[in-house]
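The chain contents come next:
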Amino acid sequence: MKELKEIHAQLITVGLIRYTYITSRLLAFCAVSENGDLNYSESIFHQIKLPTIFNWNTMIKAYSKSSKPEKGLEIFIKMRNENVNPNMHTFPILIKSCVGLPSLSQVHCQIVKFALDIDVYIISSLIKSYSNWGLLDFARKVFDESLDRNIVCWTSLITGYCDNGLVSRARKLFDEMPERNDVSWSAMISGYVRNNCFSEAIALFRKLKKCSGSKPNPSLLVSVLNACANLGASKEGKWVHSYIYENGFGYGLELGTALVDFYAKCGFVEMAQKVFYKMPRKDVTAWSAMISGLAINGCGELALKVFMEMEKSEIKPNAVTFVGILTACSHGGLVDEGWRFFKHMTNDYGISPTIEHFGCMVDLLGRAGQIEEAERLISRMPMEPDGIIWGALLNGCLMHGNVKLGVKVGEHLVELEPQHSGRYVLLANLYAKMDKWDGVSRLRRMMRDRNVATVTGSSVIEINGDVHRFKVEDKSHPQTSEIYKLVNQLSKELITSTHGTL
């Protein structure tokens, strides 16, 4: 801005400021560039005697990106009072200025009035905006009534369905698309991931790989890696890694972080570290992913070492980073370090502990047998403890035989989360430990009376790149016999290697 003001002064001095093109470029820089100044752009705009539609659109866009987007509508009203008609570029940015349904409806009316409802970019903007407000029927009506629909319109509605949890409707629309590009594939696959439909995301990705002419973009690959991480699909995730390497995408912030998260969640800690240290640039999200990955794999001390490296790199940790650090301390039984980091978070970084941080501390203290200290910490919490907090305390009581407090916490948990079957099971186990079978019977009756659904235990295993989920005592799965053969083979190999070692 300092340099721009100098140029502005020179333009005034030599008399070039009267040229429309030059003034428009000045205005555009001040209004919409990252380093612009909205107040300065207003002063330039008010000095233009006859603003062009480009100038008006520039100011509307500036306000749509500001903290007061509704002022973009005020600019539009002034523009109409000056008898300046909008064009096809006006409405996509004006739609972003709508902070409520009434203003969006009025803008929609203006679009129809000026017969611009045939423009595909205006249509896709309307679909996106209605979807953001959760008005999917309105969005679908705009889509259906549009005479000309391109890939952007189809993709906008698919994204809207996915953002509102309607993945089956999104997939139906996706299958009906006359043509697809990498963005539409990415919208559907990432939509599956956002709705925790990880198997469906990977299945669709495999379908994409078979399509000629379609190539996964980095954004899509990030979504696929997230699906692989959550499902434990290591073979597919490794294929993505190979694809990234072969196509020279590099380990950018998003792709690199997604790879670190994938390898860590699948238990490949060394590979996660290799990718992490090859990343040319690391932000707080990348560091947090590496620390959390080490924490969940039981590498507590290594996680703390990485955190110290992070501090030396002058990247400021955030609340998520400290959740990872406290998890590392909890899994490693590092009580003193846990307390130190818990205080370090507030005193040195000004991060107020959230319920997740308190949960980590209660879990840490409970695992270490410091049950009374954990109970005192809960009583000092600035927020109401939830089921996770009480569950961590109950787990500590069970681990260290604090039966009296365990029963008290367990009874409270059952009332706090009456439909959570696991709470009843833990409390019943505690009563059984005390030989109080009447308590066990009472809990079973309570579950029956409250229609509490029990969650069946399950395991996940990957065979030839396909991930299969097996429930307890479920022999109906077509791959069951193959699984049993594989488990027996692995058992024999383990026994043989153990005997060899002995």
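Computed from a predicted structure; not experimentally measured.

**Student:** Explain the overall build of the protein chain to me, please; I cannot follow it from the model alone.
**Tutor:** When helices and strands are tallied, the protein chain shows 28 helices and two strands. Radius of gyration (C-alpha) of the protein chain: 29 Å, far over the 23 Å computed for a compact globule of 502 residues. Contacts in the protein chain between residues at least 24 apart in sequence constitute 57% of all its contacts with a sequence separation of at least 6. With the model as given, the accessible surface of the protein chain reaches about 27,100 Å², and the carbon-plus-sulfur share is 53%. Across the protein chain, the mean location of the 57 positive side-chain charges is 2 Å away from that of the 52 negative side-chain charges.

**Student:** Is there a simple way to explain the packing of aromatic side chains in this structure?
**Tutor:** One pass over the structure, following the stated rule, counts 17 aromatic pairs. Ring geometry for Phe143 against Trp154: centres 5.0 Å apart, planes inclined by 85°, an arrangement best described as edge-to-face. Of the two residues, Phe143 is situated in helix H9 (residues 136-145) and Trp154 in helix H10 (residues 151-163); the sequence distance between them amounts to 11 residues. Seen in terms of ring centroids, Phe322 and Tyr349 are 5.9 Å apart; in terms of plane orientation they differ by 55°. Their pairing is tilted. Residue Phe322 is located in helix H20 (residues 319-332), and its partner Tyr349 is located in helix H21 (residues 335-349); the two are separated by 27 residues in the primary sequence. A network of ring pairs unites the aromatic residues Phe205, Trp239, Tyr243 and Phe249 as a single cluster. The ring of Phe174 has Arg180 lying over it, and the distance from NZ or CZ to the ring centre is 4.4 Å.

**Student:** Help me understand the state of the cysteines, please; the structure alone is not making it clear to me.
**Tutor:** Within this structure, the stated rule accounts for zero disulfides. Of the cysteine sulfurs around Cys228, a residue in no disulfide, the closest is that of Cys266, at 7.4 Å. The class of Cys228 is buried, set by a relative accessible area of 0%.

**Student:** Hey, could you run me through the UniProt feature "repeat: PPR" (unreviewed entry) in the protein chain in this one?
**Tutor:** Within this numbering scheme, the UniProt entry marks residues 52-86, 150-184 and 283-317 as carrying the feature "repeat: PPR" (unreviewed entry). For residues 150-184, helix accounts for 74% and strand for 0%, while the C-alpha atoms at its two ends are 11 Å apart. Split by type, residues 283-317 is 74% helix and 0% strand. Its first and last C-alpha atoms lie 9 Å apart.

**Student:** Sorry if this is basic, but what is going on with the confidence of the model for the protein chain here?
**Tutor:** Summarising the model, the protein chain shows a mean pLDDT of 87, and 90% of its residues fall at 70 or more. Confidence drops under pLDDT 50 across residues 498-502; counting only partners more than four residues distant or on other chains, this segment forms zero contacts.

**Student:** Explain the pattern of salt bridges to me, please; I cannot follow it from the model alone.
**Tutor:** For side chains of opposite charge, pairing can occur when their charged atoms come near one another. One pass over the structure, following the stated rule, counts 13 salt bridges. In this structure, the salt-bridge partner of Arg140 is Asp144, at a minimum N-O distance of 3.1 Å. You can see Arg140 and its partner Asp144 sitting in helix H9, four residues apart, about one turn around the helix.

**Student:** Explanation requested: the side chain of Lys282 in the structure shown.
**Tutor:** Along the chain, the position of Lys282 falls in the loop between helix H17 (269-278) and helix H18 (284-296). No salt bridge forms around the buried Lys282; measuring N to O, its nearest opposite-charge neighbour Glu309 is 7.5 Å away. At 3.3 Å, the side chain of Lys282 forms a polar contact with the backbone oxygen of Met279. Setting aside residues no more than four positions away along its own chain, Lys282 makes contact with Leu253, Phe276, Tyr277, Trp287 and Ile315.

**Student:** What exactly am I supposed to notice about unusual backbone geometry here?
**Tutor:** A negative phi angle characterises most non-glycine residues, just as the trans form characterises most peptide bonds. The backbone of Asn83 shows a phi angle near 60°, a positive value even though the residue is not glycine. Residue position: Asn83 is located in the loop between helix H5 (71-81) and helix H6 (90-95). With a relative accessible area of 68%, Asn83 lands in the exposed category. Phi is positive for Asn196, which is not a glycine, with a value near 60°. Mapping Asn196 onto the fold places it in the loop between helix H12 (182-194) and helix H13 (198-210).

**Student:** Before we go on, may I ask you to explain helix H2 (residues 20-32) in this structure?
**Tutor:** Structural remark: α-helix, 3.6 residues per turn; residues separated by three or four positions point the same way. For H2, spanning 13 residues, the distance from its first C-alpha to its last is 18 Å, which sits close to the expected 18 Å at 1.5 Å a residue. Turning to H2, the residues buried within the fold contact helix H1 (2-14), helix H3 (38-47) and helix H4 (53-64).

**Student:** Just checking my understanding: could you explain the side chain of Ser125 for this structure?
**Tutor:** Its location among the elements puts Ser125 in helix H8 (residues 120-132). If we skip the residues at most four places from it in the chain, Ser125 touches Pro92 and Ile95.

**Student:** Please clarify how the packing of helix H24 (residues 387-400) against helix H25 (residues 403-416) should be interpreted in this entry.
**Tutor:** A pair of packed helices is characterised by two quantities: the angle between their axes and the separation of those axes. The N-to-C vectors of H24 and H25 enclose an angle of 150°; their axes lie 9 Å apart at closest approach. Taken together, the axes of H24 and H25 lie roughly antiparallel to each other. Where H24 crosses over H25, the handedness of that crossing is left-handed. Contact with H24, carried on its side by Gly387, Trp390, Gly391, Leu393, Leu394 and Cys397, involves Leu405, Gly406, Val409, Gly410, His412, Leu413 and Leu416 of H25 and no other residues of that element. Here the residues of the contact of H24 with H25 are counted per class, giving eight nonpolar, five polar and no charged.

**Student:** What exactly am I supposed to notice about the packing of H20 against H21 here?
**Tutor:** Packing of H20 against H21 brings their axes to within 9 Å, and their N-to-C directions diverge by 165°. Classified by the interaxial angle, the pair formed by H20 and H21 is roughly antiparallel. Regarding H20 and H21, the two cross each other, and that crossing is right-handed. Between H20 and H21, the residues in contact are Phe322, Ile325, Leu326 and Cys329 and Glu337, Gly338, Phe341, Phe342, His344, Met345 and Tyr349, respectively. For the contact of H20 with H21, the class distribution of residues is eight nonpolar, two polar and one charged.

Cut-offs and rules
Residues numbered from 1 in each chain as written. Predicted model: local features only at pLDDT ≥ 70, side-chain atom pairs only at ≥ 80, totals over all residues. Heavy atoms only, no water. Helix = DSSP H or I, 4+ residues; strand = E, 2+ residues; numbered from the N terminus. Rg over C-alpha atoms; globule rule 2.2 N^0.38 Å. Contact = heavy atoms within 4.5 Å. Areas by Shrake-Rupley, 256 points an atom, 1.4 Å probe, with all protein chains shown as cover. Lys, Arg positive; Asp, Glu negative; His and termini not counted. Charge placed at Lys NZ, Arg CZ, Asp CG, Glu CD. Phe/Tyr/Trp six-rings, centres within 6.5 Å; stacked < 30°, edge-to-face > 60°. Lys NZ or Arg CZ within 6 Å of the ring centre and 35° of its normal. Disulfide = S-S within 2.5 Å. Buried < 20%, exposed > 50% of the residue type's maximum accessible area, 1.4 Å probe, protein only. UniProt positions renumbered as here; feature names shortened; annotations may be inferred. pLDDT = per-residue confidence, 0-100. Salt bridge = Lys/Arg side-chain N within 4 Å of Asp/Glu carboxyl O. Polar contact = N/O pair within 3.5 Å; in protein donor to acceptor, adjacent residues only side chain to side chain. Expected span 1.5 Å × (residues − 1). Axes fitted to C-alpha atoms, helices over the stretch in contact; angles between N-to-C directions. Parallel < 35°, antiparallel > 145°, perpendicular 65-115°, else oblique. Left-handed = near helix turned anticlockwise from the far one by under 90°. Nonpolar A, V, L, I, M, F, W, Y, C, P; charged D, E, K, R; others polar.

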